[in-house]
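# Commentary on secondary and tertiary structure
Single-letter residue listing:
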Amino acid sequence: DSGVTQTPKHLITATGQRVTLRCSPRSGDLSVYWYQQSLDQGLQFLIQYYNGEERAKGNILERFSAQQFPDLHSELNLSSLELGDSALYFCASSRGRERYNEQFFGPGTRLTVL
Amino acid sequence: TQLLEQSPQFLSIQEGENLTVYCNSSSVFSSLQWYRQEPGEGPVLLVTVVTGGEVKKLKRLTFQFGDARKDSSLHITAAQPGDTGLYLCAGLIQGAQKLVFGQGTRLTINP
């Protein structure tokens, strides 16, 4: 158990819909990262937040957005969903200030868009 | 273009055999991490290597960081079915806090 929690575990929805994925980092971690993992794309970095502020952006679509709240939990919002958005979405956390940026991953949310 | 190339992409061997997985790049990394991921679960951090030429051992797993900090290898001795999984290397880009992941090596150890 990494200490990172994600909800829900599974999500099935239809094209055009909007969903919210939730992540709670390990106790004491200030940084939260979101990744998308699909079969043909590997683990793709989406976005990072540090202590409530956006720190880095990766290959995140404009239809996707995220935020980190004062209690440090984070939410990833996916809108106007397309079939191709079906994937595993992982959240990871780290202390945020350490030298090696070791990240600890949650169990993931499996999103299926029908 | 993949910044970190892992090879092989797929490897299926018999229990008891040895294997090596490679992670290569043209970029220099401040550090390099190896993760293992099992189906339906998140990646789990195995080790971090930070010094060029560094070798770290974790039971039957040996991790090496290249002298120039551009590549790394993972060697497993006497592989067991419990070693089955997706092995991911991830490099921390020098001067940044961004972690870049390789595509992974899917390892299957057959009993």
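Above: the structure in question.
Read on for a plain summary of the structure. Within each chain, residues carry numbers counting from 1 in the order of the written sequence. Whichever chain is written first becomes A and whichever ligand is written first becomes 1, with later ones labelled in order. Given that the model is predicted, a residue must reach a pLDDT of at least 70 before its local features are reported, and side-chain atom pairs must reach 80 or more before they are shown or counted; all residues, however, enter totals for whole chains, interfaces and linings. Only heavy atoms go into the side-chain values, all of them from the structure, while hydrogens and water stay out.

The next subject is the packing of aromatic side chains. Residue and element names in this part refer to chain B. A pair of aromatic rings is counted whenever rings of Phe, Tyr or Trp (Trp by its six-membered ring) have centres within 6.5 Å, and the orientation is called stacked for planes under 30 degrees apart, edge-to-face for over 60 and tilted otherwise. Inspection of every chain in the model, using the stated rule, returns nine aromatic pairs over all chains. Measuring from centroid to centroid gives 6.4 Å for Trp-34 and Phe-63, while their planes differ by 50 degrees, and the two rings are tilted. Taken together, the positions of Trp-34 in strand S4 (residues 29-37) and Phe-63 in strand S7 (residues 61-65) put the pair 29 residues apart, joining distant regions of the chain. The pair Trp-34 / Phe-63 is uniform in exposure class, with both members buried. Residues Tyr-35 and Phe-101 carry aromatic rings whose centres are separated by 5.5 Å and whose planes lie at 45 degrees to one another, so their mutual orientation is tilted. Of this pair, Tyr-35 sits in strand S4 while Phe-101 sits in strand S10 (residues 99-101), and the two are 66 residues apart along the sequence. An identical accessibility class is assigned to Tyr-35 and Phe-101; each is buried. Helix and strand assignments come from DSSP, with helices taken as H or I runs of at least 4 residues and strands as E runs of at least 2, each series counted from the N terminus. Between buried and exposed lies partly exposed: a residue is buried under 20% and exposed over 50% of the maximum accessible area for its type, with that area taken using a 1.4 Å probe on protein chains only.

Let us look at the sheet that holds S7 of chain B. Residue and element names in this part refer to chain B. For two strands to pair, DSSP has to find at least two bridges joining them. Taken together, five strands build an open sheet; the order of strands is S1-S3-S8-S7-S6 and the sheet is antiparallel. Two strands bound the open sheet, and with one partner strand each, they are strand S1 (5-7) and strand S6 (55-58). Between one strand and the next, the sheet's axes are offset by a mean angle of 15 degrees, whatever the strand orientation. Axis lines are fitted to C-alpha atoms, over the contacting stretch for helices. Their N-to-C directions set the angle, which ranges from 0 to 180 degrees.

Before going further, it helps to spend a moment on the state of the cysteines. A pair of sulfur atoms, both from cysteines and within 2.5 Å, is called a disulfide here. Overall, the coordinates contain two disulfides over all chains when judged by the stated rule. For Cys-23 of chain A, the disulfide goes to Cys-91 of chain A, at an S-S distance of 1.8 Å. Between Cys-23 of chain A and Cys-91 of chain A, the S-S dihedral sits near -45 degrees, and the bridge is therefore left-handed. Here Cys-23 of chain A is found in strand S3 (residues 19-24), whereas its partner Cys-91 of chain A is found in strand S9 (residues 87-94), with 68 residues between them in sequence. Note on Cys-23 of chain A: relative accessible area 0%, which makes it buried. One disulfide bridge connects Cys-23 of chain B with Cys-89 of chain B, the sulfur atoms lying 2.0 Å from each other. Here the disulfide of Cys-23 of chain B and Cys-89 of chain B is right-handed, its torsion about the S-S bond being about 80 degrees. Of the two residues, Cys-23 of chain B sits in strand S3 (residues 19-24) while Cys-89 of chain B sits in strand S9 (residues 85-93), which places them 66 residues apart along the sequence. Taken as a pair, Cys-23 of chain B and Cys-89 of chain B share a single burial class, namely buried.

Moving on, we come to the interface of chain B and chain A. Whether two residues are in contact is decided by their heavy atoms, any of which lying within 4.5 Å being enough. Taken together, the contacts link 19 residues of chain B with 20 residues of chain A. Carbon and sulfur atoms make up 52% of the area that chain B and chain A hide from each other, which totals about 1,500 Å². Any Lys or Arg side-chain nitrogen located within 4 Å of an Asp or Glu carboxyl oxygen qualifies as a salt bridge. Here chain B and chain A share zero salt bridges between them. Taken together, the elements giving at least two residues each to the side of chain B that touches chain A come down to S4, strand S5 (44-49), S9 and S10 of chain B. By residue number, the principal contributor to the side of chain B that touches chain A is S4 of chain B, which donates four residues. Only Asp, Glu, Lys and Arg are considered charged, only Ala, Val, Leu, Ile, Met, Phe, Trp, Tyr, Cys and Pro nonpolar, and every remaining residue, Gly among them, polar. Classifying every residue of the side of chain B that touches chain A gives nine nonpolar, eight polar and two charged. The quantity reported as buried area is the accessible area (1.4 Å probe) lost by two parts once they are put together, taken as the sum for both.

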